[in-house]
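Below, each chain spelled out in residue letters.
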Amino acid sequence: MIKIALPAGDLRPPIGRLLSSCGLRVEGYAEGSRSYRLAVEGREDVAARVFREKDIPIQVALGNYDLGVCSLAWVKEIQARFKQRAIVPLRDLELGALSLVAMGATSACDRLDKLGSLPVVRIASDYPNLADAFAKSARLARYRVQGVWGAAEAYPPEDADVAIVAVSNPDALSERGLAPLFELLHSSVWLIGNVASLGRRDLSSVLNLFNAANGNGAQPAEVSFPTRADTLGASVPLSTGERDMLRLAIPDGHQQRHVQGALEAAGLLFDGYNGSTPARRPRTDVDGLEVKVIRPHDMPQLVAAGEVDVAITGRDCLMEHLYSFPSSPAAEVLDLQRGQYNLAAVVGESLPANTIGEVMDLWRHEGRDVLRIASEFPATADHYARSRHFWRYQVISIAGASEGFVPEDADLLIEGTETGKTLVENKLKVIDLLYRSTTCVIANKNASLQRRKRIVYDELLTRLRRVSEVPESV
Amino acid sequence: MTDSLRCPGMRDLLPGDMERFRRLEDTFRQVCLGWGYGEVRTPTIEHLHLFTAAGTLSPQMLERVYSFLDWDGWSGERVVLRPDSTIPVARLYREQFASAPVTRLFYVQSVLRFAEGDASREDWQCGVELIGDTQPSGDIELILMASEVLSRLGLPAELKLSDPGILRSLFSAAGLDSEKQLALYDRVLDGDLSALDDVQAALPGAGASLAALLALEGENAAYLGNLRTEIGPSISGIDPVLDELASISDVLSHLELAHRIAPVLVRDFEYYTGPVFYLYVDGQKVGGGGRYDALVSVGDRGSPASGFALDMDALMPLLSGLPSAATGLTTVRPKADDTASLRAAFELARSLRAAGVRVEVGDKTLAPGDVQVVASDAGFELRNNGAEPTSLETVDETVRAIAKSSS
């Protein structure tokens, strides 16, 4: 069986068309099937599995999949940290062209040669390994990399000096107040292969299809990094004085609906905070309040670092942060009692065991050497494995599409479940409950808000507290 | 065969290894204390930014450090498992000794850097740092200390001197910027001596044999004189470099310490700013050091500094032929598992240890030369060197008999 990993998301239709033109008709893929494991028409020797694009090079590097289709930028992100040649880019599929660009705010750090003058350079990126390599190559004396789950372009200038982002048109970001500082990579979608599979398995019946359909024999582009000399020259005027606006972060994604409802019930209307692509900086008529829309996963870290004063996120994200950084000052100040779901340990439905104790006994009896735990919450999964005294285990950090991992690519999931319907659809079941998660307000417990910020904070909490006492209408 | 549970690149040190380790450590400590140095130990975890600033670790080295976010690292700033000892000692100096005109410190600790496969990722070093304005005597002091350690260990060492300032001056005069200098230097170190021809072509004032002389290893200060002649008078900044090396070479020759001078020798081109030396035993590099004035600074002020480190992992196997301290062990065996035998055995063992005898309580198989005492409430039976057993009644009597037999 030749196993191929395909990306979820916006790339499905063009990749689906390309695969069909090659003669690999993956059933339901281009149409957005909810199933993660897809058959290939007329090819019983080929199996396809849908992942978040970011997870594909990891799965191919691990050898769980022989081939994968993903952006070259994600391959380079893995290779920036793990130099071993476990993955090889095979074919440029000439789709999804992107530039990986370091951007700074036009109002602050708008040129690369200003970076060297900053006492600490803050870099936000979905590509933390490349961001780290960028900083090391530039010999930045001191830097912090904020690895984010998305929306890195929203960070400069308040929360980062540089954002390293993948964009199809860097010029479009200038409209959002960003200036390109340095292009690291010109990326497109590639067919990639596992080196060990290429060395010992005959994949030619699939590789030939790609070769016939696509004549581009280009070599993969290399990542460029700045040198120290590139970052020296100009200086950035350092901001002085304390800001007196209260900074609030609100989430996009699946929590947006719950938060939007709570804010509306509290009489807080943020212009632009609606739809599937909300504005990153919604307008508000609340005097003294500044609002930014970012990923809920990234909020606790920004609150802990003092970049954001208040954030509305899920308890799951806060707990994940606290499991990573137990002494963090980020703390829950109000449970909004909305967006409720359970974080649970989940296994395959067919496993003849119904509790974590029974599952462990079963695996011990089977002589299972290593337990594979997949989760979007790796620190939580790690904490769970330790507290349940797992023997040797691997935590597979994933970006999403988690329900498809068990049983082939993981033994156990640490997974959020709202109604249990998705689990049933994917032949999964809950064997242990970690905790109940709801949307909550978080703040820095060590911060001492003064004057206008204190007044705005108290008003915000008062209004939200009233809302939390009324059940969410479903 | 089952897979080892040991992490790749990590080593267990067995009793025999630890004996050699301690012998090396003890000899090194004695030499350092004798030269007026004080021992320090720096933490295993340091801030990454100590090592990332220009002039500290090279980008190639930074790619191999073990860095991570600590449990309180929510700011995104990383920490690192100590990849080098000089930079932490420089930090320690800034924080604890900055007001002292000269500080002499030494350490025995490991550094952790990733290596492929099962190549060592944790390397133990005996290191010395001399911080303050001690030149030119400081460089000579360090070379003599390192040589003394090897001499006391009975290891015949070969000493090589160099100074990256020679090539740095030539490369600058040839119009190369710092990046091109590094690239060219790497080529030369990798054995591509044709890179020096390019430099010679860019320096019309230099003699025809410049590249050939640079590729040589000279035997004494005379070689430096020849090099000076071939370089010609036009290379700015090279005279003090050659003068300093000549001075060191002259003193070492006077002290009958054989050495060679090699202009192309130094791996850490960015790190070192002055004379550098390496030590070899049987052709294998076992240590080295030099001057790195850019690493140690207090405020905006740089402080002259130099140091060396001996590679304990390279040296320990070379000590394998030395006599083992594991010999001369006395075994006390309880005659039975009853309380009275155990009481007698442990009482005798305590008295023997107080008398300076190494004792193991157990049932070890006797080898030639071993002494064994069988203990019971009835007394002690001494078995020595395969001779007839001797019966003894009291603890004192037995201790005296064993002390006599071992003397």
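See the structure shown above.
The following paragraphs examine the structure supplied in this document. (Residues numbered from 1 in each chain as written. Chains lettered and ligands numbered in written order. Predicted model: local features only at pLDDT ≥ 70, side-chain atom pairs only at ≥ 80, totals over all residues. Heavy atoms only, no water.)

1. Quick look at the overall build of chain A
- In terms of regular secondary structure, chain A is built from 13 helices and 21 strands.
- A globule of 474 residues ought to have a C-alpha radius of gyration of about 23 Å, and chain A, at 23 Å, matches this closely.
- In chain A, buried positions account for 53% of the 474 residues.
- Counted over contacts in chain A with a minimum sequence separation of 6, partners at least 24 positions apart contribute 75%.
- Of the roughly 20300 Å² of accessible surface on chain A, 49% is carried by carbon and sulfur atoms. (Helix = DSSP H or I, 4+ residues; strand = E, 2+ residues; numbered from the N terminus. Rg over C-alpha atoms; globule rule 2.2 N^0.38 Å. Buried < 20%, exposed > 50% of the residue type's maximum accessible area, 1.4 Å probe, protein only. Contact = heavy atoms within 4.5 Å. Areas by Shrake-Rupley, 256 points an atom, 1.4 Å probe, with all protein chains shown as cover.)

2. Some words on the environment of Ala39 of chain A
Residue and element names in this part refer to chain A.
- Mapped onto the elements, Ala39 comes out in strand 2 (residues 37-39).
- Take Ala39: its relative accessible area is 42%, and that puts it in the partly exposed class.
- With 153 residues separating them along the chain, Ala39 and Ile192 place their C-alpha atoms 20 Å apart.
- Beyond its immediate stretch of four places on either side in the chain, Ala39 contacts Arg25, Val26 and Glu27.

3. Details of the interface of chain A and chain B
- The partner chain B presents 27 residues to the 25 residues of chain A that form the contact.
- A buried area of about 2100 Å², summed over both sides, lies between chain A and chain B, and 53% of it is on carbon and sulfur atoms.
- Where chain A meets chain B, there are two salt bridges.
- Contributing elements (two or more residues each) for the side of chain A that touches chain B: helix 4 (128-137), strand 8 (143-147), helix 8 (299-304) and helix 9 (315-324) of chain A.
- Residue composition of the side of chain A that touches chain B, grouped by class: 10 nonpolar, seven polar and eight charged. (Buried area = accessible area lost by both parts, 1.4 Å probe. Salt bridge = Lys/Arg side-chain N within 4 Å of Asp/Glu carboxyl O. Nonpolar A, V, L, I, M, F, W, Y, C, P; charged D, E, K, R; others polar.)

4. Some points on the pattern of salt bridges
- On inspection of all chains with the given rule, the structure shows 55 salt bridges over all chains.
- Across the pair Arg463 of chain A and Glu459 of chain A runs a salt bridge, and its minimum N-O distance is 2.9 Å. With Arg463 of chain A and Glu459 of chain A both in helix 13 (residues 451-468) and four residues apart, this pair spans about one turn of that helix.
- With a closest N to O distance of 2.6 Å, Arg22 of chain B and Glu25 of chain B form a salt bridge.

5. Let's talk about the nonpolar core
- If you look at the biggest cluster of nonpolar residues, it comprises 71 residues, and the most contacted ones within it are Leu115, Ile123, Phe134, Ile164 and Leu184 of chain A.
- Sort the elements by how many residues they give to this core and helix 3 (residues 72-81) of chain A lands first, with five residues.
- If near-sequence neighbours (up to four positions away) are discounted, Ile164 of chain A is found in contact with Leu100, Val101, Ala102, Ile123, Ala124, Ser125, Asp126, Tyr127, Ala131, Phe134, Ala152 and Leu184 of chain A.
- Within the second largest apolar cluster, 65 residues are counted, among which are Phe21, Cys126, Ala246 and Phe308 of chain B. (Core = buried A, V, L, I, M, F, W, Y, C linked by side-chain atoms within 4.5 Å.)

6. A closer look at the environment of Leu24 of chain A
Residue and element names in this part refer to chain A.
- Checked against the element boundaries, Leu24 lands in the loop between helix 1 (12-22) and strand 2.
- Taking the relative accessible area as the measure of exposure, Leu24 reaches 2% and is therefore buried.
- A C-alpha to C-alpha distance of 37 Å links Leu24 and Pro296, two positions 272 residues apart in sequence.
- Those residues in contact with Leu24, other than ones at most four positions away along the chain, are Leu19, Val40, Arg43, Val206, Leu209 and Phe210.

7. Details of unusual backbone geometry
- Cis geometry marks the peptide bond from Pro156 of chain A to Pro157 of chain A, where omega comes out at 0°.
- Considering the arrangement of structural elements, one finds Pro157 of chain A in the loop between strand 8 and strand 9 (162-167).
- The step from Val406 of chain A to Pro407 of chain A runs through a cis peptide bond, and the omega angle for that step is 5°.
- Within the element layout of this structure, Pro407 of chain A appears in the loop between strand 19 (393-397) and strand 20 (412-417).
- Unusually for a residue other than glycine, Glu256 of chain B sits at a positive phi of about 60°.
- Looking at the secondary structure, you find Glu256 of chain B in the loop between helix 11 (238-254) and strand 8 (260-261).
- The class of Glu256 of chain B is exposed, set by a relative accessible area of 72%.

8. Details of the sheet that holds strand 13 (residues 305-311) of chain B
All names here are of chain B.
- Taken in spatial order, the eight strands of this open sheet run 1-5-6-13-10-9-7-8, and their pairing is mixed. Two strands in the sheet have a free side with no partner beyond their single neighbour: strand 1 (38-39) and strand 8.
- Where strand 6 (residues 122-132) meets strand 13, seven bridges bridge the pair, whose relative direction is antiparallel. Along strand 13, the bridge assignment pairs Gln125 with Asp311. (Pairing = 2+ DSSP bridges.)

9. Describing the sheet that holds strand 7 (residues 121-125) of chain A
All names here are of chain A.
- Read across the sheet, five strands follow the order 8-7-9-6-10 without closing on themselves; strand pairing throughout is mixed. Each edge of the open sheet is held by one strand with a lone partner, namely strand 8 and strand 10 (178-187). Put simply, the sheet's adjacent strands are angled 25° from each other on average, direction ignored.
- Across three bridges, the pairing between strand 7 and strand 9 is parallel. (Axes fitted to C-alpha atoms, helices over the stretch in contact; angles between N-to-C directions.)

10. Considerations on the side chain of Glu53 of chain A
All names here are of chain A.
- Assignment of secondary structure puts Glu53 in the loop between strand 3 (46-51) and helix 2 (56-62).
- For the buried Glu53, which has no salt bridge, the nearest side chain bearing the opposite charge is Arg52, at an N-O separation of 9.4 Å.
- Not counting chain neighbours up to four residues away, the residues in contact with Glu53 comprise Pro7, Leu11, Cys70, Ser71 and Trp74. (Lys, Arg positive; Asp, Glu negative; His and termini not counted.)

11. Side note on the packing of aromatic side chains
Residues and elements named next belong to chain A.
- Scanning the model with the defined rule gives nine aromatic pairs over all chains in all.
- Relative to Tyr393, the ring of Phe390 has its centre 6.4 Å away and its plane inclined at 90°; by these criteria the two rings are edge-to-face.
- Accessibility expressed as a relative area gives 9% for Phe390, which makes it buried.
- Residue class for Tyr393 comes out partly exposed when judged on its relative accessible area of 24%. (Phe/Tyr/Trp six-rings, centres within 6.5 Å; stacked < 30°, edge-to-face > 60°.)

12. Focus: the pairing of strand 1 (residues 2-7) of chain A
Residues and elements named next belong to chain A.
- Of all six residues making up strand 1, five are buried, and the element is well covered by its neighbours.
- Alignment of strand 1 against strand 3, held across six bridges, turns out to be parallel. Bridged to Ala5 within strand 3 is Arg49.
- Pairing of strand 1 with strand 4 (residues 67-71), which is carried by two bridges, proceeds in the parallel orientation.

13. Thoughts on the packing of helix 5 (residues 137-152) of chain B against helix 11 of chain B
Residue and element names in this part refer to chain B.
- Helix 11 packs onto helix 5 with a crossing angle of 45° between their chain directions and a minimal axis gap of 10 Å. Classed by the angle they form, the pair helix 5 and helix 11 counts as oblique. Note on packing geometry: the crossing formed by helix 5 with helix 11 is right-handed. Note on element contacts: helix 11 touches helix 5 through Glu244, Ile248, Val251 and Leu252, opposite Asp139, Ile140, Ile143 and Leu144. (Parallel < 35°, antiparallel > 145°, perpendicular 65-115°, else oblique. Left-handed = near helix turned anticlockwise from the far one by under 90°.)

14. Quick look at the pairing of strand 10 of chain A
All names here are of chain A.
- For strand 10, the buried fraction is high: seven of the 10 residues fall into the buried class.
- In terms of strand pairing, strand 6 (residues 98-105) meets strand 10 through eight bridges, oriented antiparallel. Among the inter-strand pairings, Ala102 is bridged to a residue of strand 10, identified as Phe182.

Function cannot be inferred from these measures alone, as they are strictly geometric.
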